[in-house]
Amino acid sequence: MNIVVLMKQTVDTEAKIVLNSDGKIDTNGVTLVINPLDEYAIEEALRIKERLGGEVTIVTLGGDQATAAVRSALAMGADKAVQINDPALGEVDEGMAATILAKAVQTLPHDIVLAGVMDTDNGSAQVAVRMAEKMELPSISSVTKLDIDESLATAKRVIDGGLATLEVTLPAVITVVQGINEVRYPSVAGIMKAKKKPLTVLKLSDLGLDASNLAVQAKVLKFTLPIPRQGGKKLPGEPAEAASLLARLLREEAKVL
Amino acid sequence: MPKGIWIFVEQAAGKIRKISFELLSQGRKIADQTGEPLVAVIIGEKVANLAKEAAEYGADKVYLLDSPQLAQYTTGAYTSVLTKLLRNEEPQAFLMGHTALAKDLAPRLAQRLGVGLASDIIDIEVNQEKFLLFKRPVFTGSAFSFVEILTKPLLATVRAKSFVASEPDPTRQAEVIEVAAEIDPGDLKVILKDVALIVTSRPALTEADIVISGGRGMKAKENFTILEDLADVVGAAVGASRAAVDSGWIDNQFQVGQTGSIVAPTLYIACGISGAIQHIAGMGASKVIIAINKDPDAPIFNVADYGIVGDLFEVVPLLTEEFKKLVNE
């Protein structure tokens, strides 16, 4: 089974987000990690490989700093990685990312392509499904359980109010949600081995692409930061008094009950 | 000739979802501002009766795609019929709720149409020059980005509760246009085998006006019944923090947080939840937040409008009694 995982390096979700003087997100000094939802995709890929054999390839689009995330994925147990790193790329929207990743995945044998349902930076949940469309592959989103029997994948997808069971003949693209598995930590041996695993770094030209032909369709005009929420009052008294006071405040002051 | 602001009216089991009423109501306002018709698209089987309701919430025109093949959502079939309709009619904008359905459908549709998509938006600015500008949370709510879509139709998915549904006007009428559902066979590669819905009398987390969540302080699975009792008095949904989900006390789908559901109810009651960033990201946009926690230094109190420092096992049942009194008044 040739398993490809789309991975993105993201800002640690515990990090404090600030804007730089250009009004962009300042990532200086911020901890960068594997997108937490992609970790579930990597874990699922490793489990499929452990059951059925095969190879797990990580594909990522990102600058020099993203190499650290690639090495972490290799340390978890992925076999090799492809990183598209081209300084000619400026702002990349979801459509562009999908175009670039599709080209990269097409160069690899792929029975199944896994990815997190979204990344915690941008949160748009678009790229993997767009890439599937670009590659004319079927896709199943938000999968919480995945079974593979030869070339047939059966997936339980989270829908509003329940679960849908879907079947697809591979190759296909599957996006996963938290809960599909428990992600392993890389072992020390894994970290050592990861340093020697093959990482291919590609430029857009290696994929037959040219930055000037890739156009942004969803343009970010500016960023703002939310006004931090202020803590309110702690209600005094014994539990019974506090509960009674709270109910009254909710009706009379907050007017929400 | 203006082509209109289009709204995807999502239905489940023959009922229009709340988010669609919110979108029709806001869409009506935008359409009035830009001088365009408001158009609803309804997809499903035996859904013709929903057109009237879409009209009451503001639609001037309703496109109806009614077919047994569209009875249940599948990515391929819905993409197939919507691509044809949008290509033929060329609307200015097509807005959908950011639901499980649209999270899957919208990127597929956007890519097939070759257009940009603003996902999970929470506000729309109507702008002379840019037409519509979309505000969306990024970095799990730690920042907002303002996105301009440079292609037409402008595609966006809208987070539930971003807009308020207006009162329906029973006198409003809409022109109803039935569209034949032509599905490309190539779009039927994924086969839907089964849909299992959890039977519950409670509202969906993302749609509920009141959400009551439990965290590590709940201590055990069976203790969630005290939250359920409180929830049922006021018609609330029950949620949980990641700690409670990871402990196996409650199913994943009830998790509120950056990797679970993002909720913005009128009232959010956090019981035994410390208030990790992960959780705040999922409920920080609630109108009023209440925290009940034994630890007076729990970070949840920094975002709560009202806090009770105390044992939730004592406080929550008392609150249930107080809420009962209020409801009966």
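Everything quoted here is computed from the prediction, not taken from an experiment.

1. A word on the overall build of chain A
Consideration 1: Looking only at helices and strands, one finds six helices and 15 strands in chain A.
Consideration 2: Based on the C-alpha atoms only, the size of chain A along its principal axes is roughly 65 × 50 × 40 Å.
Consideration 3: Out of the 257 residues in chain A, the part that is buried amounts to 46%.
Consideration 4: Within chain A, contacts between residues at least 6 apart in sequence are counted, and of these 71% link residues at least 24 apart.

2. Let's talk about the overall build of chain B
Consideration 1: The number of helices and strands found in chain B is eight helices and 18 strands.
Consideration 2: On C-alpha atoms alone, chain B measures out to a radius of gyration of 21 Å, which is about the 20 Å that the 2.2 N^0.38 rule sets for 329 residues.
Consideration 3: With respect to the principal axes defined by its C-alpha atoms, chain B has extents near 60 × 45 × 40 Å.
Consideration 4: Evaluated residue by residue, chain B yields a buried proportion of 58% over its 329 residues.
Consideration 5: For chain B, contacts bridging at least 24 residues in sequence account for 65% of all contacts bridging at least 6.

3. A closer look at the environment of Ile100(A)
All names here are of chain A.
Consideration 1: Positionally, Ile-100 belongs in helix H3 (residues 94–106).
Consideration 2: Along the chain, Ile-100 and Ile-58 lie 42 residues apart, while their C-alpha atoms are 14 Å from each other.
Consideration 3: Residues in contact with Ile-100, not counting those within four places in the same chain, are Leu-61, Ile-84, Leu-204, Leu-207 and Leu-209.

4. What to know about the nonpolar core
Consideration 1: Counting 137 residues, the largest nonpolar core has Val5(A), Ala73(A), Leu101(A), Ile174(A), Ile42(B) and Ala54(B) as the members making the most contacts within it.
Consideration 2: Discounting residues that sit within four places of it in the chain, Ile42(B) has contacts with Val9(B), Gln11(B), Val47(B), Leu50(B), Ala51(B), Ala54(B), Val62(B) and Leu64(B).
Consideration 3: Grouped together as the second largest cluster of nonpolar side chains are 59 residues, Ile226(B), Ala236(B), Met283(B) and Ile308(B) included.

5. Things to note about the sheet that holds strand S6 (residues 93–97) of chain B
All names here are of chain B.
Consideration 1: A sheet is described by the order of its strands in space; here seven strands give the open sequence S7-S11-S6-S1-S4-S5-S12, paired in parallel fashion. Strands with a single pairing partner mark the edges of an open sheet, and in this sheet they are strand S7 (117–121) and strand S12 (175–178). Mean inter-strand twist for the sheet, computed between neighbouring axes without regard to direction, equals 20°.
Consideration 2: Here three bridges tie S7 to strand S11 (residues 154–158), and the two strands are oriented parallel to one another. Among the inter-strand pairings, Ile-121 is bridged to a residue of S11, identified as Val-158.

6. Observations concerning the interface of chain A and chain B
A common way to state how big an interface is: give the accessible area lost once the parts meet.
Consideration 1: Between chain A and chain B, the residue contacts involve 69 residues of the former and 74 residues of the latter.
Consideration 2: Here the residues of the side of chain A that touches chain B sort into 33 nonpolar, 21 polar and 15 charged.
Consideration 3: Sheet topology places strand S15 (residues 233–234) of chain A next to strand S18 (residues 306–309) of chain B; two bridges connect them, and they run parallel. Residue pairing in the sheet places Lys233(A) in a bridge with Tyr306(B) of S18(B).

7. A short note on the sheet that holds strand S7 (residues 80–84) of chain A
Consideration 1: With mixed pairing, ten strands are arranged side by side in an open sheet as S13(A)-S7(A)-S6(A)-S1(A)-S8(A)-S12(A)-S9(A)-S10(A)-S11(A)-S13(B). The open sheet is flanked by strand S13 (199–202) of chain A together with strand S13 (190–197) of chain B, the only strands paired with a single partner. If you compare each strand with its neighbour and ignore which way they point, the axes differ by 30° on average.
Consideration 2: Most of the contacts of helix H4 (residues 127–134) of chain A go to strand S12 (residues 172–176) of chain A, to which it runs at about 175°, and overall it touches strand S1 (2–7), strand S8 (112–116), strand S9 (139–149) and S12 of chain A.

8. Some thoughts on the packing of helix H5 (residues 224–234) of chain B against helix H8 (residues 312–328) of chain B
All names here are of chain B.
Consideration 1: At a minimum axis distance of 9 Å, the contact between H5 and H8 shows a crossing angle of 15°. Judged on the interaxial angle alone, H8 and H5 are roughly parallel. Of the two elements, H5 crosses H8, and the hand of that crossing is left-handed. Contacts from Ile-226, Leu-227, Asp-229, Leu-230, Val-233 and Val-234 of H5 reach H8 at Phe-313, Val-316, Pro-317, Leu-319, Thr-320, Phe-323, Lys-324 and Val-327.

9. Things to note about the environment of Ser20(B)
All names here are of chain B.
Consideration 1: Summarising the element assignment, Ser-20 is placed in helix H1 (residues 18–34).
Consideration 2: Its 28 C-beta neighbours within 10 Å are what place Ser-20 among the buried residues.
Consideration 3: A C-alpha to C-alpha distance of 30 Å links Ser-20 and Asp-305, two positions 285 residues apart in sequence.
Consideration 4: Once residues within four sequence positions are removed from consideration, Ser-20 is found in contact with Ile-7, Val-9, Glu-10 and Gly-97.

10. Considering helix H4 (residues 100–113) of chain B
Residue and element names in this part refer to chain B.
Consideration 1: Across its 14 residues, H4 extends 20 Å between first and last C-alpha, which sits within 8% of the 20 Å expected from 1.5 Å per residue.
Consideration 2: Here H4 lies mainly inside the structure; 13 of its 14 residues are buried.
Consideration 3: Positive backbone phi, at 70°, marks Gly-114, one or two positions downstream of H4.

11. Looking at unusual backbone geometry
With the exception of glycine, most residues fall at negative phi, and the peptide bonds are largely trans.
Consideration 1: Omega for the bond connecting Leu170(A) with Pro171(A) falls within 30 degrees of zero, at 5°, which places this linkage in the cis form.
Consideration 2: Take Pro171(A): it is sitting in the loop between strand S11 (162–169) and S12.
Consideration 3: Cis geometry marks the peptide bond from Lys152(B) to Pro153(B), where omega comes out at -5°.
Consideration 4: Considering the arrangement of structural elements, one finds Pro153(B) in the loop between strand S10 (143–149) and S11.
Consideration 5: Phi at Asp120(B) is positive, roughly 55°, even though this residue is not glycine.
Consideration 6: Examined against the element boundaries, Asp120(B) turns out to sit in strand S7.

Basis of the calculations
Starting afresh in each chain, residues are numbered from 1 along the sequence in its written order. Both sets of labels track the order of writing: A upward for chains, 1 upward for ligands. Given that this is a predicted model, residues contribute local features only at a pLDDT of at least 70 and side-chain atom pairs are listed and counted only at 80 or more, while totals for whole chains, interfaces and linings are drawn from all residues. Numbering of helices and strands runs from the N terminus, with a helix taken as a DSSP run of H or I at least four residues long and a strand as a DSSP run of E at least two residues long. Residues with at least 20 neighbouring C-beta atoms inside 10 Å of their own are called buried, those with 12 or fewer are called exposed, and the rest are partly exposed, where every C-beta is derived from the backbone. A pair of residues counts as a contact when their C-beta atoms, built from backbone coordinates, are within 7 Å of each other. Just to be clear, the radius of gyration here is over C-alpha atoms, and the globule rule we use is 2.2 Å times residues to the power 0.38. Note on terminology: a nonpolar core is a set of buried residues of type Ala, Val, Leu, Ile, Met, Phe, Trp, Tyr or Cys, with members joined through C-beta atoms within 7 Å. Strand pairing follows a simple DSSP-based rule, namely that at least 2 bridges must link the two strands. Inter-axis angles, ranging from 0 to 180 degrees, are taken between N-to-C directions of lines fitted to C-alpha atoms, where helices are fitted over the stretch in contact. Asp, Glu, Lys and Arg are counted as charged, while Ala, Val, Leu, Ile, Met, Phe, Trp, Tyr, Cys and Pro are counted as nonpolar; the rest, among them Gly, fall into the polar class. Our angle categories are set so that under 35 degrees counts as roughly parallel, over 145 as roughly antiparallel, 65 to 115 as roughly perpendicular, and the remainder as oblique. In this scheme the handedness of a crossing depends on how the near helix is turned from the far one: anticlockwise by less than a right angle means left-handed, clockwise means right-handed. To estimate the expected span of a helix, subtract one from its residue number and multiply by 1.5 Å.

So far we have only geometry, and geometry alone does not tell us how the molecule works.
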